[in-house]
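# Coordinates in review
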Amino acid sequence: MAMKRRAGAVLALFVTSALLVAGCNGGDGEAQSEQELYKNPVTLTWWHNASQDGPGKTYWEKVAKDFSALHPTVTIQIEAIETNQLQRTRLPAALLTSDPPDIFQAWGGGEMREQVEADYLKDITEQVKTEVENIGSAAEIWQVDGKQYGLPFRMGIEGIWYNKDMFARAGITTPPTTFDELNDAVTKLKAINVVPIALGAGDKWPAAHWWYNFALRACSVETLKKASVDLVFDDPCFVKAGEDLKTFIGTNPFQPNFIATPGQNDPTSANGLVANGKAAMELMGDWNRGTLETAAEDPEALKKFLGWFPVPAIAGSAGDPKAALGGGDGFSCAKNAPAECVEFLKYLVSPEVQKGYAETGTGLPVTKGAEAGITDPALKSILEATAGATYVQLWLDTAFGSTVGNAMNDAIVAIFAGNGTPEQVVSAMKAAAKK
Amino acid sequence: MTSTLNPAGGASAPPAGLPPARRSSIRAAQTRRKWYEIIGLTTPAVIVYVMFVLVPMGFAVYYSLFRWRGVGPPTEYVGFDNYVLAFQDPIFLDALRNNAIIVVGSLIVQGPIALAVALLLNRRFRGRAVFRLLVFVPYVLAEVTVGIMWKLLLTGGGTVDALLKEIGLGGLVQAWLADLDVVIWTMLFVLTWKYVGFAIILLLAGLSNVPHELTEAAAIDGASWWQTQRHVTLPLLGPTIRIWMFLSMIGSLQVFDVIWVTSAPAVRSLGASATMATYMVDNGFFARLWGYGNAVAVILFVISFIAAVLFQRFLLRRDVEGAITGRTN
C-alpha cells in the first residue's frame, strides 16, 4: 500500500523526464536532393502556435491545403501547440530526438543561435535569396553569423496603444514624442481620474519591455548588437536603463496591483483595461490589435478610440531615437527535412499568402506587396513607423536567449515590485550567462 | 478443493491419503502455478513502474549533474554544482519556506475543520447527503478550474472584495494576489478550500468503521455525546487521521497546479508564492536550465522521500504493519 502511494508521488514528480524518454523513437527523415523535388510523395509535419480557434489557425489550414493542391506529392500534417508549450517543452524535446517536426515556429535570436550550434536547423541561405531581399532587414533576425536559418511571416515594432477619447478629454492634443511629454500626459490623465498606463506585470515580459525600451534609448546600437552575440553586459548603459525605469515607475503611471495583473486574454488583464476603456495606454507589440479585440466587450467602440504611437525618445540619451524594439514569428526547417520544406517556407512568405495573412488581422506581414491587406489605421501607423525605424532591436529576452532573458525579466520585475535595483538586473544577467 | 481455490495462499497442504510421489508432484505444480500467477499479474505493473518511475528517476539524477540547456546531448559535467546553486538561490529558499508553510498550514487548518465537519455529518439529519456532496465538490473540481475561479474572485476590486465590503468587513480587504506578504496565505486558503473535502470524506469513511456497539455501550454507561467522541470515536479514528496527514503532507510538498494557475508568474518569480515544483518548471523549462531543473526535481524527491520515510517510521508504523510485512508464511 504505502509503496504504491509513494510510487504515485514519484510518478507525478518525474512525468517531465518520462516524457523525454517516451519521446525518443526512431525514424530518420531522409534528405532529398533538389532534383527530386515533387517526385516522391512526402509528408511534412508542421508545428505552429496558432492553437486557438480563430482566423490565424484557419488560415494556416487553408495555406497547407492550397500548397498540397499545387503540389500533390506533398502532404502537410499540422500540429497547433500553445506558444509556451511549443517553445519551452515540446519543441526542445522533439529536437533532441531523431524525428523532429519538419517545419516549426522559430523566433530567432539567442535561441536560434543555440539551435544552430546543435546542428538542428537547415541552412537555407542559397534557396531563399529572393525572399530575403524582398523581406528586407527583418529577415536578419532569423540569421546566425550571416546564414539564413528561417523566414519570418510576421514582424512588427512595439509602441504605445492609446485611447484617443481619453487623450482628448485630458486635453492631450498630440501623442507624446519624448518621455517628458509622456510624463505630462500621465499627469493630465490622472487629473481626469483615469489610469494612465495599463501594465500586465504579472506575466513579467510586459513589464520587462519597459526596461528594454529604456535600454534601447540608453545604449548605442553597437552595444546592443555586441551584447546579443557575446552576452557581455559591462556597459554602464544597462544600469542607466534600470535607473530611468525606476524614475518612471516613481511617477506612478500604472494601475494598482499591477504586479499580479496578467498581460492579455481576460477582462482583468492589462489588455482588458485598455480594451474596455479603463486605462488610457499600454506598451505592446503589433499583435495587440487582435488581443485587445478578444478582451473587448464592445469591439466596435474599441475600433473607434484605439490609436498607436511609437515609444517616445529620451532627450540627450546615447541611443538612437529612431531605433525601435520589435520581434516576429517565423518558421525554420529541421536539418534533415525534405527539400519540399524549403519550398513551403518560400510559399509562406510569397506576396499572395502574406496578403491573406495580413487580412486575418493577427499581425503585420513582412513581404513587400502584402501591405494592401492591412486596413486598420493603428496597424497602418505601425507599418509606417517600422519602415521609418533606423534599427529594429529584437526583444531583448529573445535576443539574449531564454536563460539570460528569464533572469533579466525576473530582476526587472523586482524593480517594479520595489525590492530590486538597477545593478541587480545587470548582475542577474551576468550570472545567468554563466549558468 | 479448498487448496485449488486458494491461489494466493499457495502453501496449503494437498489432500491427505495420496502416495508421497503424487503428493510432491502436486506440490511442484502448485508452486509453479504460484510463480506463473505472480509473474503474470505483476509484470505489467513492474514494466510500467520501471519505465515511467525508475528509469526517469535515473535520468533525472544523471541530467542533474550536467550544465545542460536541453540543446544537444548533455556534455558539460559539473558534479553537484546545480545542487549547490539551488541552495544558494534565495528564491529556492523562499520556495522551501512556502512549502513548509503549506505543509504545516494544511495540517493545522484542515485537520480540525475536517474533524468537526465529519463528526457533524456523521450524525443523522435531513439533507445529510446534500451536505456531504457539497463538502466534496471542491475536491472533485479540476485544480486548474479552481485556480482560475479563485484568481477571478480574488482579483483587486473583485467579488471577494465586494462581498467583504458588503458585510461591513471592508477593512479586511487586501491585495490578495498582489501583496507579496499576503499571497502565500491566500494560496493556503485556496488549497484548504480545495482539499478539506478530501479530509472530510476520508474521516467519514473512518467514522463508519467505528463499531456502533462501542458508542452504544458508552451511551449506556452514561457518557455524553462529547465524551463518546473524545474517548471512543477519536482514538479509533487514529489510523485514518494519520493516513490523511501523510497524504496531505506529500501533496503539500509537491503542490503545483493551484499555485501555478492562481498566482501570477511575476509573483512566483519574486519568491512570494513559488513552491519547489513551480520553481522547478520555471527554471527548468522557462529559463531553459534543464540540468538545473533536474537537480531541483531530485531535491524535491529526496525531501518528499525523507518526509515519507520518517512519517512511516514514527507515526504510521502500527497502522501499516500488517500491510507491509505481510501475514503469510
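Residues numbered from 1 in each chain as written. Chains lettered and ligands numbered in written order. Predicted model: local features only at pLDDT ≥ 70, side-chain atom pairs only at ≥ 80, totals over all residues. Heavy atoms only, no water.

Within an unreviewed UniProt entry, the label attached to chain B reads Sugar ABC transporter permease, and the organism entered is Micromonospora costi. Heading Subcellular location (unreviewed entry) of the UniProt record for chain B holds this comment: "Cell membrane". UniProt, in its Sequence similarities (unreviewed entry) section for chain B, records the words "Belongs to the binding-protein-dependent transport system permease family." (UniProt positions renumbered as here; feature names shortened; annotations may be inferred.)

In the nomenclature of an unreviewed UniProt entry, chain A corresponds to Extracellular solute-binding protein from the organism Micromonospora costi.

This part is about the packing of helix 11 (residues 237-250) of chain A against helix 19 (residues 402-417) of chain A. Residue and element names in this part refer to chain A. It is the contact of helix 11 with helix 19, at a shortest axis distance of 10 Å, that shows an interaxial angle of 35°. Of the two elements, helix 11 crosses helix 19, and the hand of that crossing is right-handed. Where helix 11 abuts helix 19, its residues Gly242, Leu245, Lys246 and Ile249 lie against Ile412, Ile415 and Phe416. In terms of residue class, the contact of helix 11 with helix 19 is made up of 5 nonpolar, 1 polar and 1 charged. (Axes fitted to C-alpha atoms, helices over the stretch in contact; angles between N-to-C directions. Helix = DSSP H or I, 4+ residues; strand = E, 2+ residues; numbered from the N terminus. Left-handed = near helix turned anticlockwise from the far one by under 90°. Contact = heavy atoms within 4.5 Å. Nonpolar A, V, L, I, M, F, W, Y, C, P; charged D, E, K, R; others polar.)

Residues annotated by UniProt as "domain: ABC transmembrane type-1" (unreviewed entry) correspond here to residues 96-311 of chain B. Within residues 96-311 of chain B, the helical portion is 77% and the strand portion 0%, while the C-alpha atoms at the span's ends are 19 Å from each other.

Once that is clear, we can look at the domain arrangement of chain A. All names here are of chain A. Each assigned domain of chain A is listed with its residue range as follows: domain 1 (36-155 + 327-387) and domain 2 (157-325 + 395-434). Between domain 1 and domain 2, the residue contacts involve 22 residues of the former and 15 residues of the latter. The interface formed by domain 1 and domain 2 contains 2 salt bridges. Put simply, arginine 154 and aspartate 286 hold a salt bridge, and the shortest N to O gap is 2.6 Å. Linking domain 1 to domain 2 there are 6 residue pairs in polar contact (both at pLDDT 80 or more). At the level of secondary structure, the elements contributing two or more residues to the side of domain 1 that touches domain 2 comprise helix 5 (109-117), strand 6 (151-157), strand 11 (323-333) and helix 17 (377-388). Per-element accounting of the side of domain 1 that touches domain 2 gives the leading share, 6 residues, to helix 17. Split by residue class, the side of domain 1 that touches domain 2 holds 7 nonpolar, 10 polar and 5 charged. (Domains from an automatic or database assignment. Salt bridge = Lys/Arg side-chain N within 4 Å of Asp/Glu carboxyl O. Polar contact = N/O pair within 3.5 Å; in protein donor to acceptor, adjacent residues only side chain to side chain.)

Attention now moves to the interface of chain B and chain A. With 52 residues of chain B at the interface, the matching set in chain A holds 47 residues. Taking both sides of the interface into account, the surface hidden between chain B and chain A amounts to around 4300 Å²; carbon and sulfur atoms contribute 70%. Sorting the residues of chain B by area buried against chain A places B:Phe285, B:Phe286 and B:Arg288 first, and these three jointly supply 14% of that buried surface. At the boundary of chain B with chain A, the tally comes to 2 salt bridges. Counting across the interface, chain B meets chain A through 13 residue pairs in polar contact (both at pLDDT 80 or more). Going through the elements one at a time, helix 1 (20-63), helix 5 (143-154), helix 9 (225-253), helix 11 (265-269), helix 12 (276-286) and helix 13 (290-325) of chain B are the ones with two or more residues in the side of chain B that touches chain A. No other element matches helix 13 of chain B, which puts 10 residues into the side of chain B that touches chain A. A breakdown of the residues in the side of chain B that touches chain A according to their chemical character gives 39 nonpolar, 8 polar and 5 charged. (Buried area = accessible area lost by both parts, 1.4 Å probe.)

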